[in-house]
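# Report on the structure
Chain by chain, the residues:
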Amino acid sequence: MRRITLCATAAVALLSPLAIAPAVGASASVTSKKAPPAEYVVVAGDYLLGIAKKLNVGFRDLLDLNKLTPTSALFPGDVLKVPAAKGPAPAPAAPKSPAPAAPKPPAAPKAPTPAANQPVSYTIQAGDSIFAIAKKYGLKYGSILKLNGITLESMLQPGTVLLLPAGSAVVKPAAAPSPPTTAPPTTAPPTTAPPTTAPPTTVPPATTPPATVAPSAGPLDPVIAFAKAQVGKPYQYFTAGPDTYDCSGLTLAAYKQIGVSLVHQSLAQSKQGRAVDWTVEPIKAGDLVFMFSTRNPNVISHVGIAISATRWIHSPRPGDVVREGPMPPSERIIAVRRFVET
């Protein structure tokens, strides 16, 4: 009887781990769920690729979670949802002791990939446009759009990195031709002629007009003068002078005269400067005046610069030119922004 009892006890001891194991596995599976996505508040100087690297998350995951594109604009204070961070790489397994073998000859080194086959990175600067970048590198702008998956309507955010076709390089301007060499002039002997004496003429003294005091220049005078000087130049999409302008390119170039930097997009400019309630406070010269698009009445897509409370200068549309004219009716104005207090 003692022997049978011991065998039964041993059998229970052997079966106990098998009964416990599923419960432990189930508990582990419950606690291995991923934490919900966190949030990130955008600060000045942030851009999407930099945020993804900073938070150790997938760039495409960050875009998809926030329904953004690589060229979406970011503004300080925007809140982004952050996908789950990339997990650390698994630790390598301990190597087994290999059996002694005859030494193998060293493998021939792989030829490095020539740099000419790799796309060239370009960091967007303030005031850049697709046309200007293409001209700078001697490229067709369509190749830049296709390589980066963007369109002409995409906004170029300073600090964002664009890819240019492999082998792209800045086109150097052609050297100016050297001036032709000229032979020294032949000096002919002077001819001697008797001097002629003209009778002296008496000129009445000039009357000096009274001095006038010029009015002092205001801080916005260079902005208004620049905008007026562009009247008559043709509209061209996403250009900021000196020969053609779109609406936000004109305002960007005008404010550049006094060192104020604007984004080359009307919607982005409507978030810069100080908001003005034009229904209560009069519009002043230098204020930027914004309107909705005629094709999409819910999106700001046009801007002009006021030169008085009742007149403005703007670059209206393709096929038109920069114009000075009456301010649009108050009910059509969507926003007014002021950059210099006078």
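Since the model is a prediction, treat every value here as computed from it, not as a measurement.

On to the nonpolar core. Ranked by size, the top nonpolar core spans 23 residues in total, and within it Val223, Tyr245, Tyr255, Leu288, Phe290, Ile305 and Ile313 carry the most contacts. If you list the elements that add at least two residues to this core, you get helix H6 (221–229), helix H7 (247–256), strand E6 (288–292) and strand E7 (300–306). At 6 residues, H7 tops the list of elements feeding residues into this core. Leave out the neighbours within four places in its chain, and leucine 288 touches Thr251, Tyr255, Leu262, Gln269, Val303, Gly304, Ile305, Ala335, Val336, Arg337 and Phe339.

The relative placement of two packed helices is expressed as an angle between their axes plus a distance between the axes. Viewed as axis vectors pointing N to C, helix H2 (residues 48–55) and helix H3 (residues 59–66) meet at an angle of 115°, and their least axial separation amounts to 9 Å. Relative to H3, the element H2 lies roughly perpendicular. Classified by chirality, the crossing of H3 by H2 is right-handed. Residues Leu48, Leu49, Ile51 and Ala52 of H2 pack against Phe59, Leu62 and Leu63 of H3.

Looking at the protein chain, the pLDDT average stands at 77 and 67% of residues meet or exceed 70. For residues 211–215, every residue scores under 50 in pLDDT, and the model assigns this stretch 0 contacts once sequence neighbours within four places are set aside.

Glancing now at the packing of aromatic side chains. Evaluation of the coordinates by the stated rule reveals 3 aromatic pairs. Their ring planes at 50° and their centres at 5.1 Å tell us that tyrosine 255 and phenylalanine 339 sit as a pair that is tilted. Separated by 84 residues along the polypeptide, tyrosine 255 in helix H7 and phenylalanine 339 in the segment after strand E10 (333–338) bring together distant segments of the chain. Classification of tyrosine 255 by relative accessible area gives buried; the value is 0%.

Parameters at a glance
- Think of each chain on its own: its residues are numbered from 1, step by step along the sequence as written.
- In view of the model being predicted, local features appear only for residues whose pLDDT reaches at least 70, and side-chain atom pairs are presented and counted only at 80 or more, with totals across whole chains, interfaces and linings using the full set of residues.
- Each side-chain value is derived from all of the structure's non-hydrogen atoms; neither hydrogens nor water enter the calculation.
- As used here, the term nonpolar core means buried Ala, Val, Leu, Ile, Met, Phe, Trp, Tyr and Cys residues forming a set that is joined through side-chain atoms within 4.5 Å.
- Only protein chains enter the accessibility calculation, which uses a 1.4 Å probe; a residue whose area is less than 20% of its type maximum is buried, one above 50% is exposed, and one in between is partly exposed.
- In DSSP terms, a helix is any run of H or I states spanning at least four residues, a strand is any run of E spanning at least two, and both are numbered starting from the N terminus.
- The criterion used for residue contact is that any of the two residues' heavy atoms lie within 4.5 Å.
- Note on definitions: angles span 0 to 180 degrees between N-to-C directions of axes, and those axes are lines fitted to C-alpha atoms, for helices only across the stretch in contact.
- With respect to orientation, any angle under 35 degrees is reported as roughly parallel, any angle over 145 as roughly antiparallel, any angle of 65 to 115 as roughly perpendicular, and every other angle as oblique.
- Whether a crossing is left-handed or right-handed is set by the direction in which the near helix is turned from the far one by less than a right angle, anticlockwise for left-handed and clockwise for right-handed.
- Looking at any residue, its pLDDT shows the predictor's confidence there, from 0 to 100.
- The rule is short: rings of Phe, Tyr and Trp, with Trp giving its six-membered ring, pair when the centres are within 6.5 Å, and they are stacked under 30 degrees, edge-to-face over 60, tilted in between.

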